[in-house]
Each structure stands twice: as structure tokens, then as C-alpha cells.
Number of protein chains: 2
Amino acid sequence: MYNINMNLVKSIVAEIVEKKTIENVAFVGCGASKSELYPAKYFLANASKKLRVAHYTANEFNFDTPDWLGESTVVITASLGGTTPETVKANGVATAAGATVIALTHAKGSALDQTADYAIIHGFEANYAAKLEKMGYAMAIALELVNQIEGYDKYDHMIEAFDKIFEVCENAAKCAGKAARQFAQEYKDAPMVYIMSSGASAEVAYSSSICLMMEMQWINSGNFHAGEFFHGPFEIVEKDVPFILLMNDGKTRPIDSRALEFLNRFDALTTVVDAKDYALANACSSDVITYFNPLMHTAVFRVFAEEISYIREHPLSKRRYMWKIEY
Amino acid sequence: MYNINMNLVKSIVAEIVEKKTIENVAFVGCGASKSELYPAKYFLANASKKLRVAHYTANEFNFDTPDWLGESTVVITASLGGTTPETVKANGVATAAGATVIALTHAKGSALDQTADYAIIHGFEANYAAKLEKMGYAMAIALELVNQIEGYDKYDHMIEAFDKIFEVCENAAKCAGKAARQFAQEYKDAPMVYIMSSGASAEVAYSSSICLMMEMQWINSGNFHAGEFFHGPFEIVEKDVPFILLMNDGKTRPIDSRALEFLNRFDALTTVVDAKDYALANACSSDVITYFNPLMHTAVFRVFAEEISYIREHPLSKRRYMWKIEY
């Protein structure tokens with residue numbers, strides 16, 4: 001069961017690489033959409049031996065446009081509602097420079113859709129798996145780019161993982177209720193919460209912090225890479241200081257494990273969302289599992305955010321400023 | 001007056017590019033040293049039309065080593081004391097793959113110095129300018145790489161800026177006392193503080209948050225790109241929530257200005273360190289000024305951190321865990 005249309009991705013990339021010699025790939029978005037492009041950026045920057053790969057918050061791309069932007073660049077933009085002004089502007093900046101734009105959006109007919117060379121319309125509401133489609137499409141585009149341009153020896157294993165990952169993540173989210181309710185009970189009055197992860201999931205920690213906690217719950221929050229924990233943030237650890245650790249199955253797991261050991265040793269209030277507990281390995285072979293952690297962490301932590309929103313009686317859709325005022 | 005030895009950098013890079021065809025440049029460090037490599041990464045990733053550029057916390061580089069690491073890669077590592085285990089290990093990972101390593105450290109004879117192909121020993125204690133040498137050397141290496149490999153049309157302006165920037169930053173730090181004491185008075189009891197910036201200074205905000213505030217003052221802190229502020233974090237803004245904004249002179253200034261306007265509108269407790277107020281333009285021409293903001297922000301915000309450490313009677317050198325226990 002694919003949640004994403006691999007043939008569509010394959011044909012878009014084939015059409016692009018037939019027409020142009022692609023040397024650069026830039027991922028451009030804002031907030032949650034920026035973070036949902038990170039796993040694709042992480043994969044492509046690691047796996048490609050030829051492509052130059054970059055990742056921007058949209059206005060940095062717009063105001064300090066890289067010197068190399070041009071015909072040989074593919075720009076992948078994302079915006080759920082398709083109206084984020086900075087990201088729509090990025091479509092224009094990219095197109096004006098001769099780059100090819102692939103937009104990911106849930107909103108057919110939106111400005112983002114209409115100003116891109118190619119647009120892929122992804123799901124969102126249906127279930128937890130649907131909420132992963134934006135991230136999955138970005139990864140699939142990255143995979144097709146590296147495979148079609150230079151060949152990629154783990155291509156078949158990546159494709160097999162795409163075939164299973166959405167169902168495995170949906171099932172994981174459905175099993176997360178009990179752990180999520182325990183988290184909600186323990187963290188509901190926390191004055192602030194730190195979130196960390198590593199590898200491809202580094203920006204799941206980021207968006208869980210700045211979007212789910214700060215934006216949607218008005219809870220103070222900080223986030224950092226679990227490998228950076230020992231180079232600053234760990235000095236804040238005392239008994240009962242609240243942490244969330246998104247643990248990876250794959251190459252960066254030792255980084256996460258070292259952070260967990262320290263948190264436990266000094267009795268920090270720690271919630272772990274471990275991709276191993278949710279059987280990520282059922283979806284992916286060990287040589288590519290590193291790249292699929294963000295889908296699992298995003299699906300499962302969504303349930304955690306929902307549970308804390310219920311217990312705090314603060315809906316995830318509640319806002320002070322967003323959608324309400326001009327800024 | 002140079003604080004850094006440009007001829008040394010020029011000759012190291014010349015020797016490397018004479019022997020090998022360089023295609024990849026990776027910057028690798030931990031914590032403050034990682035963040036001090038970011039301006040060089042930012043410059044090179046934007047300005048080079050050929051080189052592939054990456055930036056890692058050291059253990060991510062060690063545990064999920066990129067597929068392309070090899071003979072055609074220059075790895076630039078940094079560690080003040082030259083003993084950071086992850087970064088020393090990165091020297092080994094890079095060398096074993098056939099890459100060329102340039103290490104930046106204050107400690108001659110340290111493990112980092114001894115395991116690199118080239119080492120540059122930089123200052124630290126002498127004054128505020130000396131604390132910028134690590135960052136400056138990384139930028140100078142990036143400049144020589146792009147210029148010697150493919151040519152760079154703003155090379156002369158960059159060199160002119162290096163000639164003046166250290167003295168201009170030293171003078172700026174010496175003028176910052178009054179503003180820093182006001183900051184210390186206003187923020188000394190803050191339960192947490194958010195720090196943001198944009199462009200080349202994005203990771204000055206990061207290290208100011210995780211190192212100066214969390215590590216050295218045990219003050220809760222979060223940080224993010226000023227362009228991301230409107231895509232999550234701004235929902236936390238209320239009267240008197242404490243923010244620090246490191247404002248850039250150059251291309252990303254409109255991003256910072258937009259964030260400042262919002263903070264002022266909703267009466268957040270806001271401290272601004274504006275590169276314009278400290279006359280960054282005296283050191284750099286407008287076509288390269290964007291890249292030199294991190295040196296100014298680092299010099300001036302150091303004074304702010306010192307002043308808050310005095311008023312809180314919490315020395316910047318005080319630690320619970322670092323240097324005290326094994327972890």
C-alpha cells in the first residue's frame with residue numbers, strides 16, 4: 001500500500017532530467033513545511049556523490065538568493081495550504097532564475113500550486129499516515145533525482161520501504177495512545193520542555209518544539225541535536241527538568257542512547273519516543289532505516305501532542321496571532 | 001591589522017588544491033565550535049558554484065559518515081582546547097577515508113592538532129577580537145578554497161574586510177558596556193530567554209542560546225531563525241516574554257526587521273544587538289557585509305553575557321557536569 005504515487009514522482013523527475021543537466025537541489029519552506037523537507041535533504045546530501053544540496057527557510061532563499069541558482073537547479077517547495085507568502089515568493093525567485101520548481105501542497109489551485117512547474121497534491125486529514133505524505137513525497141523526489149542522475153545502489157530497498165512505511169506508521173500511531181496519555185499527564189504543567197533527536201529526525205525535534213509545543217500549546221520550548229546536548233544544553237539538566245527524546249533506529253542511535261543515559265542518571269523528567277518500540281524495522285531494511293525515522297517520529301508524536309492538548313483543554317488549532325491578524 | 005594570518009591560509013589551500021581535485025568541503029565541530037564554523041559554511045555554500053558544502057555536529061559525521069567522503073574532500077574541524085573526543089574522532093574518520101583535514105584549535109600539541117594534515121593555532125584570551133579568530137580562520141579557508149578553485153569576483157572586498165573586521169569588532173565590544181548592563185538588569189531574573197537571528201548569524205543565535213545562556217548561566221533558552229519566528233514561535237509572544245534579536249546589516253536585514261516590529265507591537269521584553277549600531281559597515285563593503293555579521297554579534301554579545309554573569313553572580317566558567325564528571 002503506497003500512500004504516495006511513486007510513478008508520478010518518477011515521471012516528473014524523468015521529464016526534468018531529460019531536459020536539463022541538474023547540478024543543484026534546493027529545499028525551501030517555512031516552519032513545519034521546512035522541517036518536513038529536512039529528511040529528503042538529509043538523505044540526498046548524504047547519498048548523492050554529485051548533486052549540491054541546500055535547505056532554506058523561504059525568506060532567506062528570497063533575500064540572500066544563492067549565487068548558483070539557475071537552469072541547473074531543481075527547487076522543491078512545500079506549503080500545506082499553498083498560500084505561505086514567503087514560499088510562494090520563493091517559487092517566483094526560483095522560476096525567474098530559470099530553475100525548475102516542484103511544489104508540494106495539500107491545496108490544489110493554491111498560489112503555490114499555480115506558480116510551480118510541477119505540483120504534487122498530497123493528503124492530510126484522512127489519518128496519521130496521510131499527514132506524512134508531504135515528507136514522503138519530498139524523500140521520493142530526492143530518491144528519484146539521485147537514482148536517475150547518478151544511480152543509487154540502495155534504490156530497491158528504499159522503494160520497498162516506501163511500500164510499507166505509511167501503514168507501519170499508521171499502526172504505530174494507533175498503538176501510541178497509552179504512552180501519549182502518560183506523557184500528557186506528566187507534562188501538562190511543565191513550564192518548559194526540551195526536545196531532541198539526531199540524524200534524519202533532527203528537524204522532527206525542531207518542529208515538535210516550535211510548532212506543536214510553542215505554536216499550538218503555548219508551552220515554552222527549546223530544541224537541539226542530541227549530539228550537541230553534551231556541548232551546552234546538558235548543563236540545564238536537574239531532577240525533573242522535562243525532556244523529550246525522539247530515538248532513532250539506525251546509524252545515529254548511539255548518539256541518542258548516550259543522551260538518554262545522561263538524562264536517566266540525573267533523573268530528568270524524560271519521555272522517549274523510540275522508533276524501535278514502534279517496530280520501524282518492519283518497514284525498512286537496515287541499510288536504509290536511518291532515513292525513515294522522521295516518518296515514524298512524526299506520526300507517533302502527533303498523538304502525544306493531541307493527548308496533551310486534550311488534558312490542557314487547549315486545542316491544537318488555537319492561535320493568538322496566526323490567521324487572525326496581519327503581520 | 002590582521003588578527004589572522006592570511007598568507008598561512010593561502011599557502012595551505014594552495015598546497016591542497018595543487019595535489020588534489022577538491023569537490024567537497026565539510027565543516028565539523030561540536031557546540032560553540034560547530035556554530036563558529038557556520039559563517040564559513042554559509043558563505044561557501046552560497047558563493048561557490050562548484051563545491052559541495054556540508055556542516056555537521058561531529059558525532060553525526062562519525063556515525064552516519066556521508067557516502068561521498070574521500071580523496072576529493074577537505075574537512076575543516078574545530079575545537080578550542082583540541083581535546084573534544086567526537087571532533088578528534090572526526091579527524092580520524094576523515095583521514096581514514098583519504099580526505100584532507102585542516103584543524104582549528106587554540107591548543108598547540110593537542111590531539112586535534114596532532115591528528116590533522118594541517119593545523120592552525122588561533123588566539124582566544126587576549127581580547128574580544130582574539131575570540132573571533134577561530135570563526136575568521138574558517139571563513140578565510142572557505143574564501144581561499146572558492147577563489148583558488150573557481151575564482152570569486154568579490155575576493156578583494158573580502159580581503160579588505162578581513163583587514164579591518166577584528167579591530168572594528170574589538171572597538172564595538174568596548175562600546176557595548178552600557179547596553180550590556182541594561183540587558184543584565186532587565187534579564188537577570190528571566191525564567192527563560194529566546195534568541196534569534198538570520199543569515200550568516202543564525203548560529204550565533206544558536207550558540208548564544210545553548211552555550212552562553214544554558215551552559216554558562218543555567219538559564220532556560222530556545223533559539224530559531226528570525227524567518228521561522230512567524231511559523232510557530234511567535235505564538236509564545238506576550239507582554240514581557242524575553243527575546244534577544246541579533247540584527248544583521250546586509251541581505252537578511254528585512255527578515256530581522258519584520259520580527260522586531262512584531263516583538264515591539266506586542267510589547268515583548270526585547271534586546272536588540274544591531275550590527276548597524278556597532279558600525280559593521282566601517283569594516284566591509286556592502287557587497288560582502290552579509291557574511292561578517294557573525295563576528296560582530298559574537299564580539300558584542302560576549303559582553304552582554306559577561307554583564308549578566310556579574311549581576312547574577314554566576315561566573316561564565318561555572319559548571320555542574322562539564323570538566324567534572326565522565327559522560
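Keep in mind that this is a model prediction, so the values were computed, not measured. (Residues numbered from 1 in each chain as written. Chains lettered and ligands numbered in written order. Predicted model: local features only at pLDDT ≥ 70, side-chain atom pairs only at ≥ 80, totals over all residues. Heavy atoms only, no water.)

What follows covers the environment of Ile22 of chain A. All names here are of chain A. Relative to the elements of secondary structure, Ile22 occurs in the loop between helix 1 (6–19) and strand 1 (24–29). Taking relative accessible area as the criterion, Ile22 reaches 6% and is therefore assigned buried. Note: C-alpha distance between Ile22 and Val74 (52 residues apart in sequence) is 7.0 Å. The contact partners of Ile22, leaving out residues within four places of it in the chain, are Ile16, Val17, Leu51, Glu71, Ser72, Val74 and Ile149. (Helix = DSSP H or I, 4+ residues; strand = E, 2+ residues; numbered from the N terminus. Buried < 20%, exposed > 50% of the residue type's maximum accessible area, 1.4 Å probe, protein only. Contact = heavy atoms within 4.5 Å.)

Attention now moves to the sheet that holds strand 6 (residues 192–197) of chain B. Residues and elements named next belong to chain B. Spatially, 7-6-8-9 is the arrangement adopted by the four strands of the open sheet, whose pairing is parallel. The open sheet has two edge strands, strand 7 (220–225) and strand 9 (269–274), and neither has a second partner. Adjacent strand axes in the sheet meet at a mean angle of 20°, parallel and antiparallel pairs treated alike. Both strand 6 and strand 7 contribute to a ladder of six bridges, which runs parallel. Within the sheet, the bridge partner assigned to Tyr194 lies in strand 7 and is Gly222. Its contacts with the sheet place helix 9 (residues 202–217) against strand 6, strand 7 and strand 8 (242–247), and it is angled at close to 175° to strand 7. Each of strand 6, strand 7, strand 8 and strand 9 touches helix 10 (residues 253–265); the most contacted strand, strand 8, lies at about 155° to it. (Pairing = 2+ DSSP bridges. Axes fitted to C-alpha atoms, helices over the stretch in contact; angles between N-to-C directions.)

Take the relation of the copies chain A and chain B next. Superposition of chain A onto chain B requires a rotation of 180° combined with a translation of 0.0 Å along the rotation axis, giving an RMSD of 0.0 Å. What the superposition gives is, in effect, a two-fold axis relating one chain to the other. Among all residues of chain A, the one whose C-alpha sits closest to the rotation axis is Gly222 of chain A, at a distance of 2.0 Å. Of the residues that chain A buries at the interface, 100% are likewise interface residues in chain B, meaning the two copies contact each other through the same surface. (Least-squares fit on C-alpha atoms with pLDDT ≥ 70 in both.)

To continue, consider unusual backbone geometry. If you check the backbone angles, Asp240 of chain A has positive phi at about 75° while not being a glycine. Residue Asp240 of chain A is classed as partly exposed on the basis of its relative accessible area of 48%.

Right, let's talk about the interface of chain A and chain B for a bit. Opposite the 70 residues of chain A that make contact, chain B presents 70 residues. With both sides pooled, the region where chain A packs onto chain B buries about 6000 Å², and carbon together with sulfur makes up 51% of that total. Sorting the residues of chain A by area buried against chain B places His231, Glu235 and Tyr321 of chain A first, and these three jointly supply 13% of that buried surface. Summed over the shared surface of chain A and chain B, the number is six salt bridges. Counting every contact that joins chain A to chain B gives 45 residue pairs in polar contact (both at pLDDT 80 or more). Among the elements of the structure, helix 2 (31–47), strand 2 (52–57), helix 3 (58–63), strand 6 (192–197), helix 9 (202–217), strand 7 (220–225) and helix 10 (253–265) of chain A are those that each provide at least two residues to the side of chain A that touches chain B. Element by element, the count of residues in the side of chain A that touches chain B is highest for helix 2 of chain A, at seven residues. Considering only residue class, the side of chain A that touches chain B consists of 32 nonpolar, 19 polar and 19 charged. (Buried area = accessible area lost by both parts, 1.4 Å probe. Salt bridge = Lys/Arg side-chain N within 4 Å of Asp/Glu carboxyl O. Polar contact = N/O pair within 3.5 Å; in protein donor to acceptor, adjacent residues only side chain to side chain. Nonpolar A, V, L, I, M, F, W, Y, C, P; charged D, E, K, R; others polar.)

Attention now moves to helix 2 of chain A. All names here are of chain A. For helix 2, with 17 residues, the first-to-last C-alpha span of 25 Å sits near the 24 Å given by 1.5 Å per residue. Along helix 2, the largest kink reaches about 30° and is centred on Tyr38; proline Pro39 follows within four residues of it. Within helix 2, 14 of the 17 residues are buried, which leaves it mostly tucked inside the rest of the structure. (Expected span 1.5 Å × (residues − 1). Bend = angle between axes of the 7 residues up to and from the residue.)

Now for the sheet that holds strand 2 of chain A. All names here are of chain A. The sheet built from five strands is open, its strands ordered 2-1-3-4-5 with parallel pairing. Because the sheet does not close on itself, it has two edges, and the strands there are strand 2 and strand 5 (118–121). Mean inter-strand twist for the sheet, computed between neighbouring axes without regard to direction, equals 15°. By the bridge criterion, five bridges tie strand 1 to strand 3 (residues 73–78) in an arrangement that is parallel. Within strand 3, the position partnered with Asn24 by the bridge is Thr73. Where helix 1 meets the sheet, it contacts strand 3, strand 4 (100–105) and strand 5, and its direction lies at approximately 170° from that of strand 5.

Further remarks concern the side chain of Lys34 of chain B. Following the sequence through the fold, Lys34 of chain B ends up in helix 2 (residues 31–47). Overall, the relative accessible area of 11% leaves Lys34 of chain B in the buried class. Excluding residues that lie within four positions of it along the chain, Lys34 of chain B makes contacts with Glu228 of chain A together with Gly29, His55, Tyr56, Thr57, Glu203 and Tyr206 of chain B.

Let us look at the pattern of salt bridges. Should their charged atoms come close, side chains of opposite charge can pair. This structure, assessed with the given rule, holds 32 salt bridges over all chains. Arg319 of chain A is paired through a salt bridge with Glu215 of chain A; the nearest N and O atoms lie 2.9 Å apart. Taken together, the positions of Arg319 of chain A in the segment after helix 11 (293–311) and Glu215 of chain A in helix 9 put the pair 104 residues apart, joining distant regions of the chain. Judged by relative accessible area, which is 5%, Glu215 of chain A ranks as buried. Lys251 of chain A is paired through a salt bridge with Asp64 of chain B; the nearest N and O atoms lie 3.7 Å apart. Pair noted here: Lys251 of chain A is in the loop between strand 8 (242–247) and helix 10 and Asp64 of chain B is in the loop between helix 3 (58–63) and strand 3 (73–78), and the two residues belong to different chains. Classification of Lys251 of chain A by relative accessible area gives partly exposed; the value is 40%. Counted as one network, the salt bridges with shared partners bring together Lys239, Asp240 and Asp267 of chain A.

Taken as a whole, this structure holds 56 aromatic pairs over all chains when the rule is applied. An aromatic cluster is defined as three or more aromatic residues linked by ring pairs; in this entry it consists of Tyr194, Phe224, Phe229, Phe230, Phe234, Phe243, Phe262 and Phe266 of chain A together with Tyr321 and Tyr327 of chain B. Between the NZ or CZ atom of Lys131 of chain A and the centre of the ring of Phe124 of chain A, over which it lies, the distance is 4.8 Å. (Phe/Tyr/Trp six-rings, centres within 6.5 Å; stacked < 30°, edge-to-face > 60°. Lys NZ or Arg CZ within 6 Å of the ring centre and 35° of its normal.)

Before going further, it helps to examine the confidence of the model for chain A. Put simply, chain A has an average pLDDT of 97, and 100% of its residues get 70 or more. For this predicted complex, the interface confidence reaches an ipTM of 0.98, while the overall pTM sits at 0.98. (pLDDT = per-residue confidence, 0-100.)

Residue and element names in this part refer to chain B. Mapped onto the elements, Ala116 comes out in the loop between helix 5 (111–114) and strand 5 (118–121). With relative accessibility at 16%, the residue Ala116 sits in the buried group. In this structure, the C-alpha to C-alpha distance between Ala116 and Thr77, residues 39 residues apart in sequence, is 8.7 Å. Look past the residues within four positions of Ala116 in its chain and what remains in contact with it is Asn91, Val101 and Ala103.

All names here are of chain A. Their axes nearest at 10 Å, the elements helix 6 (residues 133–150) and helix 11 cross at an angle of 175°. Comparing their axes, helix 11 and helix 6 come out roughly antiparallel. Each of Met135, Gly136 and Met139 in helix 6 lies in contact with helix 11, whose residues at this interface are Pro294, Leu295 and Thr298. Residue composition of the contact of helix 6 with helix 11, by class: four nonpolar, two polar and no charged. (Parallel < 35°, antiparallel > 145°, perpendicular 65-115°, else oblique.)

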